[in-house]
2 protein chains.
Amino acid sequence: MRAAILGGGVIGGGWAARFLLNGWDVAVFDPDPEAERKIGEVLDNSRRALPMLYETRLPAEGQLRFVDSLEEAVTGVDYIQESVPETIDLKRNVYGRIEAANRDAVIGSSTSGFKPSELGEGLETSDRLIVAHPFNPVYLLPLVELVGPSVATDKAAGLLRGLGMYPLTVRAEIDAHIADRLLEAVWREALWLVNDGVATTEEIDAAIRMGFGLRWAQMGLFETYRIAGGEGGMAHFVRQFGPALKWPWTKLMDVPELSDDLVDRIGQQSDAQSGALSIRELERLRDRNLVAILRALKREGSAAGQVIADHERSLPAIAPSGAPMVTIDRVIPSDWTDYNGHMNESRYGQLWSDAADVVMAHVGADEAYVAKGLSYFTVETVTTFLAETHAGEHVQCETRMTEGAGKKLRLFHEMKRVSDGEVLASCAQLLIHVSLETRRSCAPEPDVLARIEALAREHGA
Amino acid sequence: MRAAILGGGVIGGGWAARFLLNGWDVAVFDPDPEAERKIGEVLDNSRRALPMLYETRLPAEGQLRFVDSLEEAVTGVDYIQESVPETIDLKRNVYGRIEAANRDAVIGSSTSGFKPSELGEGLETSDRLIVAHPFNPVYLLPLVELVGPSVATDKAAGLLRGLGMYPLTVRAEIDAHIADRLLEAVWREALWLVNDGVATTEEIDAAIRMGFGLRWAQMGLFETYRIAGGEGGMAHFVRQFGPALKWPWTKLMDVPELSDDLVDRIGQQSDAQSGALSIRELERLRDRNLVAILRALKREGSAAGQVIADHERSLPAIAPSGAPMVTIDRVIPSDWTDYNGHMNESRYGQLWSDAADVVMAHVGADEAYVAKGLSYFTVETVTTFLAETHAGEHVQCETRMTEGAGKKLRLFHEMKRVSDGEVLASCAQLLIHVSLETRRSCAPEPDVLARIEALAREHGA
């Protein structure tokens, strides 16, 4: 599949990363001479973070091309994402030029400021022109708001789900869609708090991330309040909560004047709060935290973690073949490492066990076989640690069956760094076939044994 | 230490749990005959969730008493937390009655609706009366906003930090303090979105938890925007972002009428979204996710995770003694379990290794010893799995040194469930003393060997 990315800033770069890392070829057009560098930086970050979310490999990365014209970028592609500056004339000019070069791809706009009807009014592209509003970092946050003609939003939703995103189709077009309405409300209130000297930027951030931000990462607003309302139900809660809205709590009835004084104060407070880290360092900190939170939610099967789990299930399973056969193909996630940054000893054991599971499934000693009361038990593993393994490294495990006869099975696993083929660790594993009823060793079923003997011969040769 | 909890609803119960699980004795006064049941339910949840945040035990749980009068509750306590209904006369009456029964404890109010000057005006308790506004679930979320006389907020901040909380002292008293100002702004905007049929409660929650909620759980508002602003700096970003505030994006200039129709619609949408789970199930889901997110952030050393790590360091370290000696005392966290809810095999290895580290430190083969180029290496472990181990179980590891002579050291670990003493797993571990330079076995230093021989004698006897 091929995508065109029009506009190569932080958002365009994030889109490019989402597509590329999910195996799409991407053509980027941006007249900015810095576009290639900027997108390269976003890609760097995304390659470090996104693959860590999965226990398997993503598709092989697609091809990235920077092209010299909009027309070249969009010709023949399956999807077009526009992230040019928020100027209506510029955007409408882009859509007009697309018309002649590509007659059917859905065009998504990253705009937060315009509605689809404003973007496409009177243009021939209007029936396939939608808002597809993502959230930074685009390569990690699942949410993308879709607004526009339903044929086009449905098509886009399917494509974007394939990138591991969570398309939220908005029922009616309104300024700022949904999420930015909420963000805007908070932003305005926060400006008043700084303006009035009630809190600094750091204190406001603390009020969010030490408190309700932790709730919102998983449940949002209404489900959280539903809990607060208790068994009385949500309608009861709203009736109780309602009167508070009439209290003179807020200055939101107005917008604070962005005087030089206020702007400078915010700048200085933010420097005091975060200035010790560069933007690049902050980005990596953010991404590490997002990976950690998303993996935690994935383990719980909740919220955004569910989106990732679903996406992972849709990725092609490893089909082991050859001698040796590849049984594991993945990136080492940050939660597999110790405080010193090396892969934790216990995770090697997990890796060999995962690799053996792949072999077992391959020879037919799978879940159904276990359900029949038969299985292989590991009775010995000897691991050799050859080099340090770090978070973010792409590794493959190559497995050979070195013995497979009767009740006995021996596997030899090598975990290699994919970039240079270096063997990082190996494991000799002895397994014995057992009856789960008697808990004693016994002979495997004939068809399983036949496959094992064939594999052992192949790997022995 | 002793605390009085006045008002025993969800918030009062959360406070009671924070204090009790950190070793404080707690006296609760609430005339509601249901108070004991309600607090019991909150305590249930908290005992399930809070200990999972730590890799060591919390202090022994304090004593909980339900008493028949306010005066009995506050007599002799070190801290008083008031969480009675949001009625100014009721609250002021409570503070007046405290005066005679307790003359020096700081009085914290959980109020979100009143300022300290309103609460304490003209009362003798006003110099020790503060707002201490927590966030639900109080036993998991670190944030507590403190407002009031600085002598009292300073004292409260110290106490509350000892409970693993994050006290945020607000610089000026304003209605709704800080966080609820932001929450209120979002709530109002969300009501408009539902009112206008733009989004359902479920869609609004998705817009939060699939997107910016994930950012806010770790960085908050300003640091996130600082990144969006790039190297231009925060002041530059505000100047650019500013004009958007003038756009006609929001209906916030008014408060939506809470008509029966709107209230019912919210109730029905919320039922459709979350009605399949009871409030109790939702609470547990929320708590599991919060534990997962908080542990993920703790591993990264970031945001609320840093608060937990700091608190953990302040807890008393395990001082092993006796035969056998207790080397591990902790709760099994949910991220140590497989999809089937049992403790993952690799975590047993981690537990034995942690237990051996405690023995090593005890005999002087500690980090300084390793820095000298000497260490014990594990050459064999034989684990026996005796019963399933589940998340949330409080376990202790008892370790015996079964051999300790020359280069050789044998340990025998038993992991027991604390509630009934059942042995869940055991491990025989053989370690050999090595030189980290030659990578060969060698004799330990005499003082370490002497301690080992003494311990082996004691444990053998």
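The structure under discussion appears in the preceding block.
Remember, it's a predicted structure, so these values are computed and weren't measured experimentally.

Chemist: Can you lay out the pairing of strand S12 (residues 408-417) of chain A for me, pointing to particular residues and giving the numbers?
Modeler: Residue and element names in this part refer to chain A. Two strands pair when backbone bridges link them, and strand S11 (residues 394-405) and S12 are joined in this way by 10 bridges, in the antiparallel orientation. Counted as the bridge partner of Cys-397 is Met-415 from S12. Remark: two residues form the turn of the hairpin made by S11 and S12, two consecutive strands paired antiparallel; Gly-406 in that turn has positive phi of roughly 60°. Sheet topology places S12 next to strand S13 (residues 423-435); nine bridges connect them, and they run antiparallel. Pairing of Leu-409 across the sheet is with Leu-431, part of S13. Where S12 folds back onto S13 in an antiparallel hairpin, the turn is made up of five residues, including Gly-421, whose phi is positive at roughly 75°.

Chemist: Pulling in residues and values, what's your account of the interface of chain B and chain A?
Modeler: With 102 residues of chain B at the contact, the number on the chain A side is 102 residues. Counting residues per element, the side of chain B that touches chain A draws most heavily on helix H12 (residues 279-300) of chain B, which supplies 15 residues. The class makeup of the residues in the side of chain B that touches chain A is 59 nonpolar, 20 polar and 23 charged.

Chemist: Describe the nonpolar core, listing the residues and the values that go with them.
Modeler: Core analysis: the largest hydrophobic core is formed by 259 residues, its most contacted members being Ala16(A), Leu146(A), Ile293(A), Ala16(B), Leu146(B) and Ile293(B). Residues in contact with Leu146(A), not counting those within four places in the same chain, are Ile130(A), Val131(A), Ala132(A), Thr153(A), Ala156(A), Ala157(A), Pro167(A), Leu168(A), Thr169(A) and Val170(A).

Chemist: Outline the sheet that holds strand S8 (residues 166-169) of chain A, supporting the account with residue identities and numerical values.
Modeler: Residues and elements named next belong to chain A. Read across the open sheet, the eight strands follow the order S3-S2-S1-S4-S5-S6-S7-S8; overall the sheet is mixed. The open sheet is flanked by strand S3 (64-66) and S8, the only strands paired with a single partner. Averaged over all neighbouring strand pairs, the angle between strand axes comes to 25°, with direction disregarded. As paired elements, strand S2 (residues 25-29) and S3 share three bridges and run parallel to each other. From the neighbouring strand, Val-28 faces S3, where its bridge partner is Phe-66.

Chemist: Break down the relation of the copies chain B and chain A for me, with residues and values.
Modeler: The two copies are related by a screw operation: chain B maps onto chain A through 180° of rotation and 0.0 Å of translation along the axis, at an RMSD of 0.1 Å. Here the symmetry operator amounts to a two-fold rotation axis. An overlap of 100% is found between the interface residues of chain B and their copies at the interface of chain A, pointing to a shared contact surface.

The rules behind these values
- Residues numbered from 1 in each chain as written.
- Chains lettered and ligands numbered in written order.
- Predicted model: local features only at pLDDT ≥ 70, side-chain atom pairs only at ≥ 80, totals over all residues.
- Pairing = 2+ DSSP bridges.
- Helix = DSSP H or I, 4+ residues; strand = E, 2+ residues; numbered from the N terminus.
- Contact = placed C-beta atoms within 7 Å.
- Nonpolar A, V, L, I, M, F, W, Y, C, P; charged D, E, K, R; others polar.
- Core = buried A, V, L, I, M, F, W, Y, C linked by C-beta atoms within 7 Å.
- Buried ≥ 20, exposed ≤ 12 C-beta atoms within 10 Å, placed from the backbone.
- Axes fitted to C-alpha atoms, helices over the stretch in contact; angles between N-to-C directions.
- Least-squares fit on C-alpha atoms with pLDDT ≥ 70 in both.

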